[in-house]
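# Commentary on secondary and tertiary structure
Each chain, written out:
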Amino acid sequence: MGWLNVYAAVYSPEAHTSLFDLSTNAGKQLMWIGTTLLLIICILVINHTVFDTFAFIFYGFMILMLVLVLFLGSNINGSRSWFKFGSFTIQPAEFAKVATALALAKYLDVPGINLSKQKDLLWVGGIILLPCILIIASNETGSTLVFASFVIMLYREGLPSWIPALGITAAALFIVALVFPKLYIFLGVVALLGLIILIMPRHNRSVTNLIGIGVLGIGMMIFVTGVDFFVNGVLQKHQRNRIKVLVDPTIDPLGVGWNVTQAKIAIGSGRLQGKGFLEGTQTKFDFVPEQSTDFIFCTIGEEHGFIGGLVVIALFVGLLSRIVILAEKQRTKFARVYGYCVAGIIFFHVMVNIGMTIGLMPVIGIPLPFFSYGGSSLWSFSILLFIFLKLDSRRTALARR
Amino acid sequence: MLENRKWVIIGVFCLVGLTYLARLFYLQVLDDTYSLGASKNSIKRVVEIPYRGQIYDRNNQLIVYNTPVYDLYVTPKQVKIPDTSAFCRMMDITRADFDSIMGIAVNYSPVKPSLFLRQLSKEDFARIQDALVDYRGFEPIISSMRTYPAHTMANALGYVSEISKKQLEDQDIMYYRQGDYIGHNGLEEEYEEQLRGKRGVKFMMQNVRGVNKGSWKNGAFDTLAVAGQNLITGIDVEVQKYADTLMQNKVGAVLAVEPSTGEILVSVSAPTYDPNMLSSRFFSKNYRALIKNPYKPLINRPVMASYRPGSTFKLIQALIAQQQGSLFTNTYYGHGGSPMRCHCRGGNDLRGAVQNSCNPYFYNVFRKFIYHNGEHNTFKASAIGLHEWHNMVEKFGMADRLGIDLPSELKGNLPTPEYYDKAYRGALRWKFSNVYSLSIGEGELLISPMKLVNLAATIANRGWYITPHYIKGFGKAGTGVPNQYHQHHETGIDYKYYLPVIDGMRRAVLAGTVTPLVNTTNIELCGKSGTSQNAKYGHKYDHSIFIGFAPMNNPKIAVAVFVENAGWGGKAAASVAALVAERYLKRKTEALVLDAQVKASNYLPPASALIAPKPKKPAPKDTTQKPAKPLMATRPKSITGTGISGN
């Protein structure tokens, strides 16, 4: 019943995109759409038990591919992560997400597995980290970050809530550390902890608790100091610049800041209603770099204005909520876990991609699901989504019986 | 309970969605800064190329400045040319050129401008300007071109041309873009950062037809171009040009420095070329011609050629042996016992030996030096002695690069004991009798003219030197000179040991190895000639070398001259050196007979050598031996023209 929604999300913007693109890209994209259709039919036809049974085999196969690509892949822009077949290329990292989601679902499906147990947690962590390491080895940091999105699923499946809390605190401190001088942050941390102690009920103010808070505070300060070292010492230069631009977009309007500034100009110039289909001046004249892939949202923002952006974001939020609700209805734990993985992956892509074009996220080269040009990503998102649909159709079939 | 977490998750989704919507609303509806107004404007980035710094000589004469020229850019998608062949005729290019340029441009981007023709002179541009209105998609952009009013010093200056692909990829800070100009070789490369200035950028609003609608956000993001700094050099252009004329029809180098400051006054590499040749849009054609020229005018001989220094090296031998205590002013050696031939009558003390450049004398000096240690085994003693020798000579800046302000300085060779161990395949397999040619500056020594002029300056200063350098300041003299060019380098030789050597040098000019005509310059020149063996065409074609300084007390100029294949050092090289020093000290030339004699002589390798097969070179590298072919002279017009028909 709600599938029209999804179909619309999948297809109408897709045809759209191919028209924005240059003639060569549009042609290729059509081909990709055609093959995607074939894939979808395949997925819908085969028995749902296939995904369940072969989950680990898919996973193993993807790991193998990731290893192979390190040695056999062709080198594009310094990252060795593409297989080349004649004129078109495939990026195994994209499909590794699907395989990892399946493997996770399969693992958690086993009765008795409980995420609050340390051993199980370690296994799950291992399943997620293995492809991450391989993808980092092929120099594709952006795709690696996507694996962080599995946290959403794990949270639903009973991950102790201090882990995501810790992650969010770390991320917040990271950004704060970049914006403010260290001394202020230290003062802030001390003030915050002091406030907590003040609010704390009197009977909770035991020595151990106070020491714990003290240790926490010192940990935060060390972390803040570490951020500086990490940014200047560990990150590659282009990554460092992307983070710096996020904090202060004016530092280098010609070089690094250029992408972000131009993206903002393009979106900002769309106003409420947009300039109209194919009327965008910024995006059409190549002001925004990579406008058909990573910065596709600029086109929407410029040509369709705030209304267009609203619709797209609403569609995505709708789609995500729908997936979550459907996942909850699943009979098997396998399907539910998988559903949450799908939601998490799509959510992460959307958040980062749109976030970077409007200057809320650092520039990370990951595509906007179903919108961006690119075969691998279209394939992998379709596979991701339609495996879930297949699992879901199984549920409805059972319900009807 | 875990089911409830789904609401948290959906809540997070909605929260992020709402945050993004709020941000979008702010960007698109509330915030005016990113709006470009009601009309369909777009922002164009206009890059402002700063003026490159000019280069002056020590007397404020211009050596390099910029002339405005026009670069023509094309935007392929807008191009409409009704008659391509007429267009090509107007632009003075062939159809094939046109196709290839357009091909590259389309490949780069159909909608962004790419370079079509560069550096059209004002005259050329005026010719096509009217007609250009009829062709859409072409846009002239004013730019500038290096111009060299003095027509000299090409090798030391280097040139400015488009950045190479490799440089573009290798840069640390991404400053340069495709098509940018960058200094190559010479001072243009060495001081690139200061000379180029800083590029500015302006953001302009344009409507769809490309009409400017003013600056964007009132220029909040604009940066102003900062013009490059002017470079003041220590060069004396007038003397430099004069030295150029003296070196016509010769191969070699002339260098002069001011001993008290280390500033380079004259830097001639002969044969040379007119620097203007490499700044016009005919760069590639001219560059090819220069590369093919057999006399290799692109080599900057003062720092890139390495010669055996010949007898000039005896000065160092005399100095270090005195310091070591193995030589005294009154030490007397005859010709006996030496395997070397000599042209003097024999029987000299130190002053006389320098005056007459007595080979056996310095054979003995060096022998005594090498064996002046407690070791009795001659092999061991030689190793120890040569080690000491290397250490003392090194202090004169002979071993490593001097560190002058040119990027292309070569190291040369000052042999160490290890060097001979390697050559003789093992330690203690060689001794003094294997290396004695070092005593008179032959053998395995390879020294650049720059190092020799530094030696002359060191002796003129009686014991120290400042590394020679071209720079005298940025903007005005004295500012921005790197610290290493203020630093005194001591040689570790006492003041008193310089005096007899300088005496000998003065006597060498007055009544020694140097041709008497040199004294008509009347500048109290002290010097030492050298004749570097060049077995290629027999001894007739030895290289002629002279180093010296003037006046004897309170020296103002130190000179080193190399003339290849000119034979006896006391004549060709000494004459050039004396005339250059005279011109610098007196600002005029009085020794007219000498002047005429030098200008009339031609020491280019003979035409007959053309036919002879190239013999094997005896030394590791004597970079300057050339097969002879029609001559490249100092003026560009003569690149094909003034060929000398051999001699």
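For clarity, every value in this text was computed on a predicted model and none was experimentally measured.

## Re the overall build of chain B
A tally of regular secondary structure across chain B gives 22 helices and 18 strands. Within the span of chain B, comprising 647 residues, buried residues form 44% of the whole. Once local pairs closer than 6 in sequence are excluded, the contacts in chain B between residues at least 24 apart make up 72%.

## Regarding the overall build of chain A
Tallying secondary structure elements over chain A gives 17 helices and 3 strands in all. Per-residue burial for chain A yields a buried fraction of 41% across its 401 residues. Put simply, 67% of the contacts in chain A that link residues at least 6 apart link residues at least 24 apart.

## Focus on the UniProt feature "transmembrane region" (unreviewed entry) in chain B
According to UniProt, the feature "transmembrane region" (unreviewed entry) maps to residues 7–26 of chain B in the numbering used here. Taken end to end, residues 7–26 of chain B comprises 100% helix and 0% strand; its first and last C-alpha atoms sit 28 Å apart.

## Comments concerning the packing of helix 9 (residues 237–246) of chain B against helix 20 (residues 572–586) of chain B
Residues and elements named next belong to chain B. Contact geometry for helix 9 and helix 20: axes closest at 10 Å, N-to-C directions at 155°. As far as their axial angle goes, helix 20 and helix 9 are roughly antiparallel. As helix 9 packs across helix 20, the resulting crossing turns out to be right-handed. In this structure, helix 9 contributes Val-239, Tyr-242, Ala-243 and Leu-246 to the contact, and helix 20 contributes Val-576, Leu-579, Val-580, Arg-583 and Tyr-584.

## Considerations on the environment of Gln-78 of chain B
All names here are of chain B. Tracing the backbone through its elements, the reader meets Gln-78 in the loop between strand 3 (62–74) and helix 2 (84–91). C-alpha separation for the pair Gln-78 and Pro-110, spaced 32 residues apart in sequence, amounts to 8.5 Å. Residues in contact with Gln-78, not counting those within four places in the same chain, are Arg-136 and Gly-137.

## Details of the packing of helix 5 (residues 92–109) of chain A against helix 6 (residues 118–137) of chain A
Residues and elements named next belong to chain A. Between helix 5 and helix 6, the least distance of the axes is 10 Å, while the angle of their chain directions is 170°. Put simply, helix 5 runs roughly antiparallel to helix 6. Residues Ala-93, Ala-96, Thr-100, Ala-103, Leu-104 and Tyr-107 of helix 5 touch helix 6, and the partners they reach there are Trp-123, Val-124, Ile-127, Ile-128, Pro-131 and Ile-135. Here the residues of the contact of helix 5 with helix 6 are counted per class, giving 11 nonpolar, 1 polar and no charged.

## Details of the sheet that holds strand 16 (residues 526–532) of chain B
Residue and element names in this part refer to chain B. Strand order in this open sheet of 5 strands is 12-11-18-17-16, and the pairing throughout is antiparallel. Each edge of the open sheet carries a strand with a single partner, namely strand 12 (263–270) and strand 16. Across the sheet, the axes of successive neighbouring strands diverge by a mean angle of 5°, strand direction being ignored. Where strand 17 (residues 543–550) and strand 18 (residues 557–563) come together, 7 bridges link them in antiparallel fashion. Bridging across to strand 18, Ile-545 finds its partner in Phe-562. Most of the contacts of helix 20 go to strand 18, to which it runs at about 145°, and overall it touches strand 11 (252–258), strand 12, strand 16, strand 17 and strand 18.

## Quick look at the environment of His-184 of chain B
All names here are of chain B. With respect to the secondary-structure elements, His-184 resides in strand 7 (residues 181–184). Judged by local crowding, His-184 falls into the partly exposed class, with 18 C-beta atoms found within 10 Å. For the pair His-184 and Glu-162, spaced 22 residues apart in sequence, the C-alpha to C-alpha distance is 9.2 Å.

## Details of the pairing of strand 17 of chain B
Residues and elements named next belong to chain B. Counting buried positions over the 8 residues of strand 17 gives 8, a clear majority of the element. In this sheet, strand 17 lies alongside strand 16 in antiparallel orientation, the contact comprising 7 bridges. Bridging from a neighbouring strand, Gly-530 pairs with Ile-545 of strand 17. Where strand 17 hands over to strand 18, the hairpin turn is made up of 6 residues, of which Asn-554 adopts a positive phi near 60°.

## Overview of unusual backbone geometry
All names here are of chain B. Residue Ala-270 is joined to Pro-271 through a cis peptide bond whose omega torsion reads -5°. Within the fold, Pro-271 resides in the loop between strand 12 and helix 10 (283–292). The omega torsion of the bond from Ala-550 to Pro-551 falls at -15°, within 30 degrees of zero and hence cis. For Pro-551, the location among the structural elements is in the loop between strand 17 and strand 18. Positive phi, normally seen in glycine, also occurs at Asn-60, with a value near 65°. In this structure, Asn-60 sits in the loop between strand 2 (55–56) and strand 3.

## Examining the confidence of the model for chain B
Keep in mind that low pLDDT regions are not for reading the predicted coordinates in detail. A residue-level look at chain B finds 87% of positions with pLDDT of 70 or above and a mean pLDDT of 82. Confidence over residues 610–647 of chain B falls short of pLDDT 50; this stretch has 66 contacts with residues more than four positions distant or in other chains.

## Brief notes about the confidence of the model for chain A
This prediction gives chain A a mean pLDDT of 73; 71% of its residues lie at or above 70. No element of chain A has a lower mean pLDDT than helix 1 (residues 3–20) of chain A, at 42, and none a higher one than helix 16 (residues 333–357) of chain A, at 85.

## With respect to the nonpolar core
With 138 residues, the main nonpolar core has Ala-256, Val-453, Ala-456, Val-559, Ala-573, Val-576 and Val-580 of chain B as its most contacted residues. No fewer than three residues from each of domain 1 (49–233) and domain 2 (237–248 + 302–616) of chain B sit in this core. Those residues in contact with Ala-573 of chain B that sit more than four places away from it in its chain are Ser-529, Ser-544, Ile-545, Phe-546, Val-561, Phe-562, Val-563 and Ala-566 of chain B. If you look at the next biggest cluster of nonpolar residues, it comprises 88 residues, including Phe-295, Phe-297, Val-337 and Phe-370 of chain A.

## Concerning the pairing of strand 18 of chain B
All names here are of chain B. Judged by how many residues are buried, strand 18 sits mostly within the fold: 7 of 7 residues are covered. Going residue by residue along strand 18, you find Ile-557, Val-559, Val-561 and Val-563 tucked away on one face and Ala-558, Ala-560 and Phe-562 tucked away on the opposite face as well. In this structure, strand 11 lies alongside strand 18, joined through 6 bridges in antiparallel fashion. Its bridge partner being in strand 18, Val-257 is matched across the sheet by Ala-558.

## Here's the deal with helix 18 (residues 449–460) of chain B
Residue and element names in this part refer to chain B. Over its 12 residues, helix 18 extends 16 Å from the first C-alpha to the last, a length consistent with the 16 Å expected when each residue adds 1.5 Å. Burial within helix 18 is extensive, with 12 of its 12 residues counted as buried. Two residues or fewer after helix 18 comes Arg-462, characterised by a positive phi angle close to 55°.

## Some words on helix 15 (residues 296–329) of chain A
The terminal C-alpha atoms of helix 15 of chain A lie 34 Å apart, and with 34 residues this falls more than 12% below the ideal 50 Å at 1.5 Å per residue. Its maximal kink placed at His-304 of chain A, helix 15 of chain A deviates by approximately 130°.

## Remarks on the environment of Ala-103 of chain A
Position of Ala-103 of chain A among the secondary structure elements: in helix 5. Aside from chain neighbours lying at most four places away, what touches Ala-103 of chain A is Ala-55, Phe-56, Tyr-59 and Ile-127 of chain A.

Rules of the game
- Residues numbered from 1 in each chain as written.
- Chains lettered and ligands numbered in written order.
- Predicted model: local features only at pLDDT ≥ 70, side-chain atom pairs only at ≥ 80, totals over all residues.
- Helix = DSSP H or I, 4+ residues; strand = E, 2+ residues; numbered from the N terminus.
- Buried ≥ 20, exposed ≤ 12 C-beta atoms within 10 Å, placed from the backbone.
- Contact = placed C-beta atoms within 7 Å.
- UniProt positions renumbered as here; feature names shortened; annotations may be inferred.
- Axes fitted to C-alpha atoms, helices over the stretch in contact; angles between N-to-C directions.
- Parallel < 35°, antiparallel > 145°, perpendicular 65-115°, else oblique.
- Left-handed = near helix turned anticlockwise from the far one by under 90°.
- Nonpolar A, V, L, I, M, F, W, Y, C, P; charged D, E, K, R; others polar.
- Pairing = 2+ DSSP bridges.
- pLDDT = per-residue confidence, 0-100.
- Core = buried A, V, L, I, M, F, W, Y, C linked by C-beta atoms within 7 Å.
- Domains from an automatic or database assignment.
- Expected span 1.5 Å × (residues − 1).
- Bend = angle between axes of the 7 residues up to and from the residue.

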